[in-house]
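Close look at the chain arrangement
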Amino acid sequence: MTVIHQNTEVENSISQETTVSLCKDLSIALAKFPKVRLGHFPTPLEPMDRLSELLGGPRLWVKRDDCTGLSSGGNKTRKLEYLMADAQQSGADTIITQGATQSNHARQTTAAAAKMGMDCHILLEDRTGSNDPNYILNGNVLLDRLHGASVSKRGSGTDMNGEMEAVAERLKQDGKKPYIIPGGGSNQIGALGYVNCARELAEQAVEIGLNIDALVHATGSAGTQAGLVTGLTAIQSTIHLLGIGVRAPQEKQEQMVFDLAVRTADYLDKGLIIERSSVRANTDYVGPGYGLPTDGMIEAVKLLARTEGLLFDPVYSGKGLNGLIAQTKAGYFDGMENVVFLHTGGSAALFGYSETFKLPGYTQ
Ligand SMILES: *Cc1c(COP(=O)(O)O)cnc(C)c1O
């Protein structure tokens, strides 16, 4: 028994050395892309011991990308570090982007534009049909306006890319130099932020001697997962990556992630082959639709607020967490020791969904 144990340790130490050296190579490959500093990195990696004890499965950890520091944080900050640098290089003075009414991406983009002295136009699509004044004006929308962006609304099902092009044309005629960032910042440029996050997490794990078995997070416009798939492939990681869907059905979600991962790997130009089998999405926790609350999300958000003092959001990270908790209970992670949940942020949206949680009022 002792011999087997020693062998395992030797194997681990070799693979740690390899990881460190592949992470260095990846840093060098990433260094050729322009990047502006917008956030606080590396974000912390912390255990969630009260939750782990409650669920009785593997030890659960949280990678705190809700703490990126830019206008209450979130996963779009990493993408924007590359996207805003590209905008700057192209000589842009105005940023255009789009999202749902309570878009965290739009909010972080308005903050990034403010920090870089650029104008910002955001187009918000009404995907939920909610008339709740908090949904329409509070939460992320309040912050968009505080950051000084011009905010306009569009109806559900509008061709948002077409609308952004039209706004760009109008601005060009006024002598402006607009730069369009796609919804969620999800293209091969933005995804580089999560290629880099895969490296950051792997290095953190080596530093504290942690062997990560699985990484779980909410997946929407696909840039986060595509970047992670590409980064984990580049460092030959065996971490089991699982996206929890918030909008599209499984096949469509996985295809979106895979296509963008292939484009990102090409852009990174390291001759990387992305395996289709490394892209996994579980879309069982979407509920009635994008941005529409589910009981599982409400329970998960309340549970983490009360057991770990952590805030998650109703649209993305709360549904992702619902998936993590349900899949832990269902035994999906059985045999694994350490599972990391990537906290992609979004707590500002809680103030747009305050009615959803039906909380008791004051006590005597
Ligand atoms: C945008 C977002 C996601 C999804 O990330 P994608 O890169 O769009 O898949 C997850 N969580 C939060 C809080 C987000 O704002």
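The structure this text deals with has already been given above.
A brief report on the enclosed structure follows. The structure presented is a predicted model; accordingly, all values stated were derived computationally and were not measured.

**Thoughts on the pattern of salt bridges**
A full pass over the atoms with the stated rule returns 13 salt bridges. Here Glu203 ties to Arg199 by a salt bridge, and the two come within 2.6 Å at their closest N and O atoms. Placement of both Glu203 and Arg199 in helix α8 (residues 188-208) is noted, with a separation of four residues, approximately one turn of the helix. The exposure class assigned to Glu203 is partly exposed, which follows from its relative accessible area of 28%. Judged by relative accessible area, Arg199 falls into the buried class, the value being 12%. Via salt bridges that share partners, Lys63, Asp65, Arg78 and Glu200 belong to a single interconnected network.

**Let's talk about the site of the ligand**
Close to the ligand lie 17 residues, the nearest being Lys76, Lys79, Ser221, Thr224 and Thr344. One of the side-chain nitrogen or oxygen atoms of Lys76 is found 2.9 Å away from an oxygen atom of the ligand. Contacts to the ligand include Asn104, whose side-chain N or O atom sits 3.0 Å from an oxygen atom. A total of 380 Å² of accessible area belongs to the ligand in isolation, and the protein chains cover 99% of it. Of all the cavities here, the one that holds the ligand is the largest pocket. Secondary structure elements with two or more residues in the shell around the ligand: α3 (76-89), β7 (214-219) and α9 (223-234). For the shell around the ligand, the class distribution of residues is three nonpolar, 11 polar and three charged.

**Here's the deal with the sheet that holds strand β9 (residues 281-282)**
The mixed open sheet is built from six strands, whose spatial order is β1-β2-β10-β7-β8-β9. With partners counted over all chains shown, the strands left at the sheet margins are β1 (45-47) and β9, one partner each. As paired elements, β1 and strand β2 (residues 59-64) share three bridges and run antiparallel to each other. Each bridged residue has a counterpart across the sheet, and for Glu46 the counterpart in β2 is Val62. Relative to β2, α8 is tilted by about 130°, and along the sheet it contacts β1, β2, β7 and β10 (338-343).

Rules and cut-offs
- Residues numbered from 1 in each chain as written.
- Predicted model: local features only at pLDDT ≥ 70, side-chain atom pairs only at ≥ 80, totals over all residues.
- Heavy atoms only, no water.
- Salt bridge = Lys/Arg side-chain N within 4 Å of Asp/Glu carboxyl O.
- Helix = DSSP H or I, 4+ residues; strand = E, 2+ residues; numbered from the N terminus.
- Buried < 20%, exposed > 50% of the residue type's maximum accessible area, 1.4 Å probe, protein only.
- Near = heavy atom within 4 Å.
- Polar contact = N/O pair within 3.5 Å; in protein donor to acceptor, adjacent residues only side chain to side chain.
- Areas by Shrake-Rupley, 256 points an atom, 1.4 Å probe, with all protein chains shown as cover.
- 1 Å grid on protein atoms, 1.4 Å probe; cavity = no way out; pocket = protein on both sides within 12 Å on 5 of 7 lines; lining within 4 Å.
- Sits in = over half its atoms within 2 Å of the grid points.
- Nonpolar A, V, L, I, M, F, W, Y, C, P; charged D, E, K, R; others polar.
- Pairing = 2+ DSSP bridges.
- Contact = heavy atoms within 4.5 Å.
- Axes fitted to C-alpha atoms, helices over the stretch in contact; angles between N-to-C directions.

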